Amino acid sequence: MNEKTFQHVVRMDRIRMAYGKVTALRDVSLQIGRNEIVGLIGDNGAGKSTLIKIMTGVQKPSSGDLYLRDNKIDFSSYSVREAHRWRIETVYQEKSLGEKQPLWRNFFVGRQITNRWGFIDIKKQKEIVNDVLLRQIGFRGVGINADSPVSKLSGGERQGVAIGRAMYFDADLIVLDEPTVALAIKEVHKVLDFIRGIKDSGRACLYIEHNLAHVHELADRLIVLDRGQVVSDIPKGEMSLVELQNHLLDLQRQKEAAA
Amino acid sequence: MSMAAISPSPRVGLGSRLLTVEGLPIFLVLIVILVALMAIAPNAFLGYRTYLSIIINYQPQIICALGLTLVIAAGEIDLSFPAIITLSSLVFAAFFRFDLVGWVHGPLFWLGIIGDSTAPDQIAAIQGWICWVGLIAGIGVGALAGWIAGILVARIGIPSIIATLALSFVWRGLAVFLADGKQFALRGFNGTLLWEITTGRVFTGLFDSGVVLRKPDGIPVQMLYGLGIAVALWFILNRHRFGESLLFIGDNANVARVLGIDVRGSKVRLFTLMGALAGLAGVFLTTETENFTTTQGQSSLLIVIAAVFIGGTSIFGGAGTIIGSYIGLLIVAVLQVGMVAANLSGAVADMVIGLVFITAVILHMLVEKPERLKGLGLGRS
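Given the structure is predicted, the values throughout are model-derived calculations rather than measurements.

Re the packing of helix α6 (residues 59–73) of chain B against helix α16 (residues 300–311) of chain B
Residues and elements named next belong to chain B.
Logical step 1: Viewed as axis vectors pointing N to C, α6 and α16 meet at an angle of 55°, and their least axial separation amounts to 9 Å. Taken together, the axes of α6 and α16 are oblique relative to one another. Our pair here, α6 against α16, has a crossing hand that is right-handed. Touching P60, Q61, C64, A65, L68, T69 and I72 of α6 are S300, I303, V304, I305, A307 and V308, all from α16.
Logical step 2: Residue classes in the contact of α6 with α16 are distributed as ten nonpolar, three polar and no charged.

Regarding the sheet that holds strand β8 (residues 204–208) of chain A
All names here are of chain A.
Logical step 1: In space, the six strands of this open sheet follow the order β6-β7-β8-β3-β9-β10, with mixed pairing throughout. The outermost strands of the open sheet, each flanked by one partner alone, are β6 (88–91) and β10 (229–235). Averaged over all pairs of adjacent strands, the angle between strand axes in this sheet comes to 20°, irrespective of strand direction.
Logical step 2: Sheet topology note: the strand β9 (residues 221–226)/β10 ladder contains six bridges and is antiparallel. Paired with L225 across the bridge in β10 is V230.

Let's talk about the sheet that holds strand β2 (residues 22–33) of chain A
Residues and elements named next belong to chain A.
Logical step 1: In spatial order, the strands read β2-β1-β4-β5; together these four strands make up an open sheet with antiparallel pairing. If you trace the sheet from one side to the other, it starts and ends with β2 and β5 (71–72), each paired once.
Logical step 2: In the sheet, strand β4 (residues 63–68) pairs with β5 via two bridges, with the strands oriented antiparallel. Directly across from Y67, in β5, lies its bridge partner K72.

Remarks on the packing of helix α17 (residues 322–341) of chain B against helix α18 (residues 346–368) of chain B
Helix packing for two helices is described by the angle between their axes and how far apart those axes are.
Residue and element names in this part refer to chain B.
Logical step 1: Contact pair α17 / α18: the axes reach a minimum separation of 8 Å and the direction vectors enclose 150°. By the angle between their directions, the pair α17 and α18 is classed as roughly antiparallel. The two elements α17 and α18 cross, and the hand of that crossing is right-handed. Taken together, the residues of α18 that come into contact with α17 (itself represented by I331, V332, L335, Q336, M339 and V340) are G346, V348, A349, V352, I353 and V356.
Logical step 2: Among the residues forming the contact of α17 with α18, the class breakdown is ten nonpolar, two polar and no charged.

Looking at the interface of chain A and chain B
Logical step 1: Chain A puts 21 residues into the contact, and the matching count from chain B is 18 residues.
Logical step 2: At three residues, the largest contribution of residues to the side of chain A that touches chain B is made by helix α2 (residues 80–85) of chain A.
Logical step 3: For the side of chain A that touches chain B, the class distribution of residues is seven nonpolar, nine polar and five charged.

Here we look at the confidence of the model for chain B
Residues and elements named next belong to chain B.
Logical step 1: Mean pLDDT over chain B works out to 86, with 86% of the residues at or above the 70 mark.
Logical step 2: Element-level mean pLDDT values for chain B span from 34 in helix α1 (residues 2–6) up to 97 in α6.
Logical step 3: Contacts for the low-pLDDT stretch residues 1–12, under 50 throughout, to residues beyond four places or in other chains number six contacts.
Logical step 4: Both scores are given for the predicted complex: the pTM is 0.85, the ipTM 0.79.

Quick word on the environment of D27 of chain A
Residue and element names in this part refer to chain A.
Logical step 1: When you line up the elements, D27 lands in strand β2.
Logical step 2: The spatial distance from the C-alpha of D27 to the C-alpha of M17 is 8.4 Å, given a sequence separation of ten residues.
Logical step 3: When neighbours within four sequence positions are excluded, D27 is seen to be in contact with R14 and R16.

So, how was this worked out
Residues numbered from 1 in each chain as written. Chains lettered and ligands numbered in written order. Predicted model: local features only at pLDDT ≥ 70, side-chain atom pairs only at ≥ 80, totals over all residues. Axes fitted to C-alpha atoms, helices over the stretch in contact; angles between N-to-C directions. Helix = DSSP H or I, 4+ residues; strand = E, 2+ residues; numbered from the N terminus. Parallel < 35°, antiparallel > 145°, perpendicular 65-115°, else oblique. Left-handed = near helix turned anticlockwise from the far one by under 90°. Contact = placed C-beta atoms within 7 Å. Nonpolar A, V, L, I, M, F, W, Y, C, P; charged D, E, K, R; others polar. Pairing = 2+ DSSP bridges. pLDDT = per-residue confidence, 0-100.

Right under this line is the structure:
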């Protein structure tokens, strides 16, 4: 487990998801390499959220296979906790942190340092959180420590805490669900720096983004999802930002023509 | 608050730190109310007897308020605990009403464990053992009732206010039906070991009893159990993994789910715990009064909920204070007793409690969400 001998951190094979008559994902197959930042783009309702929910154990698909570090996953026992055990961490937009809870709780929730009776070692958790905030996330002199409630943090800082948490728990893959939505430009740059940090530390990242400029700049590869299907898989450098925009517009036109 | 921002002097820092000591502000409110009542009704509030009677009479409500703190911190509510009190009271009392002694005596005699005689001491011995079964059954029935509420809320998805409202009809109806609408006394309970353990008085030497009425003046043991439960629940809420799950669920259940918290399981456990505590409260109430009535526990609903909110548990969920709830219930109790002692009716007590309730909720909201000050036109834009 310590040596990273696997080829793909995640591979999805013909994943299908249907809610009654509505099909959210139709035979989606994709893979993410060990140290790859993959950008996932697509319209609202293209199936991006469903895809990451299946990947991270929140939902189970109707059919298809999921491989983590090249091991086939049994969906009957797959869950968020199990995904954590496979070192897959998710940073949901607005949904990754408990607003009123202090950072020392948010950091360790679900994976507390406890004694055998389940009581939390608060002192130790605070020490670690303060250390990570200072060294890894770089919150220096902003008056934020382990005791600060999340409600005191800016949007960018929240993403930073969530990403820092994922890195602390040594994630192989960090899934980011629109981390820059509703952030001021200065905050966006902080978040983009956090994402570069993910790449630099040798991890993989699945990055869902609306803003094409951000994702084009950062991602090693772009996957375009449209109405539950993967329609393009674009390696970095194959298209300029303008070409990418035109490509997506073409897809849009084809869709309208078909309709 | 703005003062602290401008000049963070150590003195201001100490003041605001004292404000954040759990339960301290509300404790000061209790003291103020007590001082006022000592002035209005000195006969009642300058002697210790009133305090002892408040402690024993409100112990079941204190236990319920402690449990309800966890429920409300998790963003839920339980309206069924008064009916669970009635039901568990009945279950406990039933072990004295029905002819269990006769049923138990037969096999024991047949096995040669006890003699043939149905002498009073033999009956008392059997009853002394049966009442322990009653204690466990009373708590168990409460836990079962709470578990059913938990299933309805967490698995089926009925909002807790609706599920527990419906269940309170069921439990109260069931209790009254089983009791045939009658009240009855616990014959033979007085003098058993369980009676000593649940209704005894300790530190009687501290009090100058004079005339001993029903029991000598002393600290009711139930108060010690109540404090023990308070300490245990404080540690569960603030230091235990389960309490942390409840806080995150109350904060935002969607966040809790994606963080890997077992939201449904935690809620089922939460309501089961609340039910067990209500069951224990019912047993305590019945042992103290040595009587079962079909209205047992009914008056506790509003004051327990009021106490939890007066104490400072968040109306939005995600934060709760055990110490605050304990003191909150003492405030409500003192007001109820105090208004009567001051020759004002219970109706006046209700009005005062309501006003204290609203004032407390507003103050706690302002502490929790200071931006609301603007809405009141009190803060600077």
